[in-house]
Amino acid sequence: MAELDQQQLHREMTAWRRDLHAHPEFGFEEKRTAAFVAEKLRAFGLEVAEGIGGTGVVGTLTRGSGDRAIALRADMDALRIAEQGTRAWRSQTPGTMHACGHDGHTAMLLGAAKLLAEEGGFDGAVRFIFQPAEEWGRGALAMIEDGLLERFPFEEIFGLHNMPGLPIGRFETRRGPVMSAEDNFEIVLKGLGGHAARPHAARETLVAACALVVNLQTIVSRRLSPVDIGVVSVTELITDGTRNALPGLARILGDCRSFRPEVSAAIEKEMRRIAEGTAQAYNVAAEVTYTREFVPLINDAALVDEALAAARTVLADDAVGIAAEPMTASEDFARFLTEVPGCFVFLGNGNSAPLHNPAYDFNDEGLLHGARFHAAVVRRRLAAG
Ligand SMILES: [Zn+2]
Ligand SMILES: [Zn+2]
């Protein structure tokens with residue numbers, strides 16, 4: 001098949017990326033984005049299914065007679081952040097922006113679809129998965145529960161995320177744990193509010209809440225093994241008190257990170273114990289709600305080696321490497337890895353503002369690297385005779 005003009009493809013991907021950036025949509029509301037993706041995939045000649053897990057899209061490209069199938073995944077959702085800046089392609093939707101670069105991920109995967117549709121060079125089926133609601137940690141599960149793996153089976157899956165601070169063209173991944181689980185918690189302390197001048201007549205909750213915030217610090221420092229990674233962050237403390245009235249109610253909210261289910265379970269167990277004990281000491285009651293939002297992202301060691309080898313065919317050899325440490329941020333891609341083995345990788349976004357920052361923008365210079373990496377993985381894993 002004819003070789004695609006890659007500079008032309010880069011210009012096209014840049015136009016798609018900027019169009020998507022100007023029209024950001026929140027998780028499970030990606031209607032325009034999904035239609036945009038589906039229309040492009042059909043134009044490239046793929047078989048397309050829409051409305052998978054809400055607004056998800058799956059494109060299938062088949063070549064040769066091989067019966068193997070692999071999946072490539074991009075995320076489509078934006079964040080409720082008001083964009084700063086005067087770029088021509090800035091968000092046209094007040095209060096919503098692509099601050100995580102999912103516009104870039106979508107454009108890169110579309111670019112890979114076009115490249116592979118035109119050039120081939122593989123034997124089997126490629127599933128192009130465009131998932132909704134990554135930021136919520138709900139979109140992957142919605143697609144899985146909608147029969148993704150039964151309707152569009154695949155044996156392994158690859159995904160990527162741009163990374164501010166890494167140079168353009170730099171590629172990193174690691175074996176085993178890459179990104180953490182995220183759990184959320186809310187502890188409600190209930191006592192009896194009263195006059196600020198008569199604390200003995202009340203069972204106020206603020207001193208208890210302050211003690212509890214401090215006591216929760218011992219989960220990581222004194223209950224977890226020093227070799228386990230865990231984070232317990234109290235992020236909010238809200239009471240119903242006012243200047244001259246002691247609160248009868250206090251709410252403590254926060255966020256926990258870990259890489260192993262045992263650690264997440266230990267954090268919850270200790271939190272319940274400490275909340276109950278502290279509440280009892282201060283003569284108030286505690287109610288703990290603990291929810292699991294994201295599972296940890298664990299890369300398959302053999303497929304990490306495959307991804308590194310694929311990356312070296314399209315990027316400078318010294319730009320491809322192993323990331324030294326796992327990250328305590330979370331990623332919904334992890335949910336797919338509970339079903340099939342796979343590998344998640346990072347591509348440099350240069351010196352952009354950080355992810356989730358109002359001044360962030362995906363760097364279009366990286367688009368071709370992402371598209372070529374995706375295509376290289378397909379050609380390596382579904383090698384033609
Ligand atoms: Zn994000
Ligand atoms: Zn993201």
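Details of the structure are given in the entry above.
What comes next is a walk through the structure. Within every chain, residues take consecutive numbers counted from 1 along the sequence as written. Here every chain gets a letter starting at A, and every ligand a number starting at 1, in the order they are written. The predicted origin of the model limits local features to residues at a pLDDT of at least 70 and limits the giving and counting of side-chain atom pairs to 80 or more, whereas totals for whole chains, interfaces and linings rest on all residues. Hydrogens and water are ignored here; the side-chain numbers use all heavy atoms of the structure.

### Let's talk about the coordination of the zinc ion (ligand 2)
Around the zinc ion (ligand 2), the donor atoms from the protein are Cys-100 (SG), His-102 (NE2) and His-161 (NE2), and they sit 2.1 to 2.3 Å away. Coordinating N, O and S atoms are those within 2.8 Å of the metal (3.2 Å for Na, K and Ca), and as water is not part of the atoms, a site may appear to have fewer donors than expected. If you list the donors of the zinc ion (ligand 2) from N- to C-terminus, the spacing comes out as C-x1-H-x58-H. The distance between the zinc ion (ligand 2) and the zinc ion (ligand 1) is 3.2 Å, with Cys-100 acting as a donor to both metals. Pair noted here: His-102 is in helix α3 (residues 102-119) and His-161 is in strand β5 (residues 156-163), with a separation of 59 residues, a long-range link. Each member of the pair, His-102 as well as His-161, is classed as buried. Only DSSP runs of H or I with at least four residues qualify as helices, and only runs of E with at least two residues qualify as strands; both kinds are numbered from the N terminus onward. In this scheme, a residue with accessible area under 20% of its type's maximum is buried, one over 50% is exposed, and one in between is partly exposed, where area comes from a 1.4 Å probe on protein chains only.

### Here's the deal with the side chain of Arg-127
You can see Arg-127 is positioned in strand β4 (residues 124-131). Buried within the structure, Arg-127 lacks any salt-bridge partner; its nearest side chain of opposite charge belongs to Glu-47, at an N-O separation of 6.3 Å. Two N or O atoms count as a polar contact when they lie within 3.5 Å, although within protein this holds only if one can serve as hydrogen donor and the other as acceptor, and sequence-adjacent residues are included solely when both atoms are side-chain atoms. A polar atom in the side chain of Arg-127 sits 3.0 Å from the backbone oxygen of Pro-153. Not counting chain neighbours up to four residues away, the residues in contact with Arg-127 comprise Gly-59, Thr-60, Ala-69, Ile-70, Ala-71, Leu-72, Phe-152, Pro-153 and Phe-154. Counted as positive: Lys and Arg. Counted as negative: Asp and Glu. His and the chain ends are not counted at all. Salt bridge, as applied in this entry: a Lys or Arg side-chain nitrogen positioned within 4 Å of an Asp or Glu carboxyl oxygen. The contact rule is simple, with two residues in contact once any of their heavy atoms fall within 4.5 Å.

### Focus on helix α8 (residues 301-314)
One less than the number of residues in a helix, times 1.5 Å, gives the span that helix is expected to have. Taking 1.5 Å per residue, 14 residues should reach 20 Å; α8 reaches 21 Å between its end C-alpha atoms and fits that length. Along its buried surface, α8 packs onto β5, β6 (171-173), β14 (297-299), β15 (320-322), β16 (342-348) and α10 (367-381). Its side-chain oxygen at 3.2 Å from the backbone nitrogen of Ala-302, Asp-300 defines the N-terminal cap of α8.

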